[in-house]
Amino acid sequence: MSVDTAAESTPPMSAAQTICKRSPVSGEVIGEFPISDEAAVAAAVARARAAFPAWSALSLEARMERLDRLRHVLVERGEEFAARLSEDTGKPRIESLSTELLLVPTLLDYHRKVAAKVLGRRKVWTPIYLAPKASYVEHFPRGVIGVISPWNFPFQLAIAPILQALTAGNTCVLKPSEVTPIAGELIREVFAAIDLPAGVVEVVQGDGGTGAALCRADVDMIFFTGSVATGRKVMAACAARPIPCELELGGKDAMIICEDAPLERAVRGAAWGGFTNAGQACISVERLFVVDAIYDRFVALFEREVGALRVGGPDEDADVGPMIFKGQLATVERHLREAVADGAKILVGGERVERAGQFFAPTVIVDVRPEMSIYREETFGPVVPIIRVKDEEEAIRLANSHEYGLNASVWTRDLDRGVAIASRLECGQVSVNDVLSSAGHPGLPFGGVKSSGIGRYHGEEGLRAFTHVRAILVDRALTKAEPYWYPYGGKYRGAVELVMGLMRKKPLKIVRGFVKMARIKREPGEG
Ligand code: NAD
């Protein structure tokens, strides 16, 4: 039995032995991939665990030097990889290059710049009552990280957390999405090509059953990217161990068009933000708020822009590719059907494209209201719902009163006002006059609030997410004993002076209290 990647939903993995990979462009079978069962997952984790001591013992510099070899592999074989990722997903090759492969060298560059500082030991403040001790904080790797990734950016969303985890000294076991197994094999190949020690990166293929097995295996942390529903299951599995998990979940991102927006840029930004990757991005524009004063002009221009987009496969030099997961088409169609029944109006698109494969026409829908499923739920397809708002205040209120809080954007020529609005939005990332690009910035932490997730990757927070923190306190005075150690007898008044001095911020009292406590001697014969 096999998991069919063009199935509307995938069966429980326990019964399946292979993934039958179909092209989202033609519907034809283009590969067969063996599924890792529970024993195979446990064996992969055991190999990663065996590799951990030597990998983590390498200096940071040595680890970064080894990983930097990826750059050479991508220079040599980048176009081939882009073509294979486009075969897996159907996305335009320019998107495979820029949104899948490009993050690798930029993340490597970023780590070179900051990792030593971010992960290295640093001295921190010591309170006066512990003087003259020295205090430090340092980070050390967690061990084996299980990485579970989705199908929409199957390469980037797997390799970025892996690179951060490896740089921090961990080893990794990846479980890619069953919908995009070719990307999983590519990850295996790129790491094999740089000759990492055996077990540093392991890949196990399979569906939810394999993912669940990875959560049960002997891993030290799960880094999960996917839907809220699966995220809950992953978190529950991690809680049973207990081990930490980071959850990168869904979104329903707001784009706010102010009256003074740079109009052409905003129109073209909305088109790219809504339809790149055929709208299958967790940070796609899924709620486009346009203020009344500019609404008619904006919508007319946007309708024309979207109507001109070309739909097709990677060989057709198109703008918008197919839906990667066939099951998602049903969600897109249900949202549109329900919205139209409830009074919304489709201006462009609205139906599957008549040809082989999983293509859906780029769609613009207006008169969308907050009670509609297309507004409440993640659509994750080539659909941009537009909501007319009285002013920015209404847009901010609506943007924030939603279950999700991943990313957002604000469009205005007044940059101060743009940043002020951005600071009021409840989400993990916001752009002013830009869209999606912040996710490709390795120095900006990425993650969500509310149902959009827990934790961050990219940036300093991302590197540290894959580490434990160790606090170190060093006594340098080497006196016989601390004044507050045993015996307590006779020390109470001094302690009062010390504690009250601390509370009232009176350094002299603190010192006097200390001295009084220190003067109390042990009885003769106490050693
Ligand atoms: P999904 O939740 O269906 O699957 C994600 C991964 O989890 C897959 O590898 C799947 O096999 C695995 N899985 C399924 N059941 C599991 C279980 N019980 N235990 C462990 N693993 C299990 O998500 P998807 O459909 O692949 O991806 C789309 C979703 O991902 C969307 O909601 C999207 O917004 C979200 N996403 C979030 C981000 C982000 O960074 N926040 C990025 C991309 C996608």
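Residues numbered from 1 in each chain as written. Predicted model: local features only at pLDDT ≥ 70, side-chain atom pairs only at ≥ 80, totals over all residues. Heavy atoms only, no water.

1. Brief notes about the site of the ligand
And step 1. Taken together, 29 residues form the shell around the ligand, and within it Lys 175, Glu 178, Ser 227, Leu 249 and Glu 378 come nearest.
And step 2. In this structure, Gly 226 approaches the ligand through a main-chain N or O atom, which is 3.3 Å from an oxygen atom.
And step 3. In this structure, Thr 230 approaches the ligand through a side-chain N or O atom, which is 2.7 Å from an oxygen atom.
And step 4. For the ligand, whose unbound accessible area comes to 850 Å², protein coverage reaches 89%.
And step 5. Every element with two or more residues in the shell around the ligand is listed here: α8 (208-216), β9 (221-225) and α9 (228-240).
And step 6. Classifying every residue of the shell around the ligand by side-chain character gives 13 nonpolar, ten polar and six charged. (Near = heavy atom within 4 Å. Polar contact = N/O pair within 3.5 Å; in protein donor to acceptor, adjacent residues only side chain to side chain. Areas by Shrake-Rupley, 256 points an atom, 1.4 Å probe, with all protein chains shown as cover. Helix = DSSP H or I, 4+ residues; strand = E, 2+ residues; numbered from the N terminus. Nonpolar A, V, L, I, M, F, W, Y, C, P; charged D, E, K, R; others polar.)

2. Quick word on the domain arrangement of the protein
And step 1. Domains assigned within the protein are domain 1 (33-249 + 460-469), domain 2 (253-441) and domain 3 (481-519).
And step 2. Each of domain 1 and domain 2 has a C-alpha centre, and the two are 30 Å apart.
And step 3. With 16 residues of domain 1 in contact, the opposing surface of domain 2 contributes 20 residues.
And step 4. Regarding the contact of domain 1 and domain 2, the summed buried area is about 1600 Å², with carbon and sulfur atoms giving 60% of it.
And step 5. Between domain 1 and domain 2 we count one salt bridge in total.
And step 6. Residue Asp 315 is joined to Arg 93 by a salt bridge in which the shortest nitrogen-to-oxygen separation is 2.5 Å.
And step 7. Taken together, the links from domain 1 to domain 2 amount to six residue pairs in polar contact (both at pLDDT 80 or more).
And step 8. Of all the elements in the fold, those that place two or more residues in the side of domain 1 that touches domain 2 are α3 (69-89) and α4 (93-101).
And step 9. At three residues, the largest contribution of residues to the side of domain 1 that touches domain 2 is made by α3.
And step 10. For the side of domain 1 that touches domain 2, a count of residues per class yields seven nonpolar, five polar and four charged. (Domains from an automatic or database assignment. Contact = heavy atoms within 4.5 Å. Buried area = accessible area lost by both parts, 1.4 Å probe. Salt bridge = Lys/Arg side-chain N within 4 Å of Asp/Glu carboxyl O.)

3. Concerning the packing of helix α6 (residues 156-167) against helix α7 (residues 181-193)
And step 1. Contact geometry of α6 with α7 gives a least axis separation of 11 Å together with a crossing angle of 35 degrees. As for how α6 packs across α7, the hand of that crossing is right-handed. Along its contact with α6, which presents Ala 158, Ile 159, Ile 162, Leu 163 and Leu 166, the element α7 presents Ile 187, Val 190 and Phe 191.
And step 2. A class-by-class count of the residues in the contact of α6 with α7 yields eight nonpolar, no polar and no charged. (Axes fitted to C-alpha atoms, helices over the stretch in contact; angles between N-to-C directions. Left-handed = near helix turned anticlockwise from the far one by under 90°.)

4. Here we look at the nonpolar core
And step 1. Ranked by size, the top nonpolar core spans 114 residues in total, and within it Phe 191, Leu 288, Phe 298 and Phe 302 carry the most contacts.
And step 2. If you tally residues by element for this core, the top one is helix α5 (residues 103-119), at nine residues.
And step 3. When we break this core down by domain, the ones giving at least three residues each are domain 1 (33-249 + 460-469) and domain 2 (253-441).
And step 4. Grouped together as the second largest cluster of nonpolar side chains are 23 residues, Val 45, Ala 48, Ala 213 and Tyr 404 included. (Core = buried A, V, L, I, M, F, W, Y, C linked by side-chain atoms within 4.5 Å. Buried < 20%, exposed > 50% of the residue type's maximum accessible area, 1.4 Å probe, protein only.)

5. Examining the packing of aromatic side chains
Aromatic rings considered in pairs are described by the distance between their centres and by the relative angle of their planes.
And step 1. This model, assessed by the stated rule, comprises eight aromatic pairs.
And step 2. With a centroid separation of 5.8 Å and an interplanar angle of 50 degrees, the aromatic rings of Trp 151 and Phe 325 are classed as tilted. On the criterion of sequence distance, the pair formed by Trp 151 in the loop between β6 (144-148) and α6 and Phe 325 in the loop between α11 (292-307) and α12 (326-341) is long-range, its members being 174 residues apart.
And step 3. Taken together through their ring pairs, the aromatic side chains of Phe 223, Phe 446, Tyr 457 and Phe 466 make up a single cluster.
And step 4. The aromatic ring of Phe 359 is capped on one face by Arg 355, whose charged end is 4.1 Å from the ring centroid.
And step 5. Above the ring of Tyr 295, the side-chain terminus of Arg 388 is found at 4.0 Å from the ring centroid. (Phe/Tyr/Trp six-rings, centres within 6.5 Å; stacked < 30°, edge-to-face > 60°. Lys NZ or Arg CZ within 6 Å of the ring centre and 35° of its normal.)

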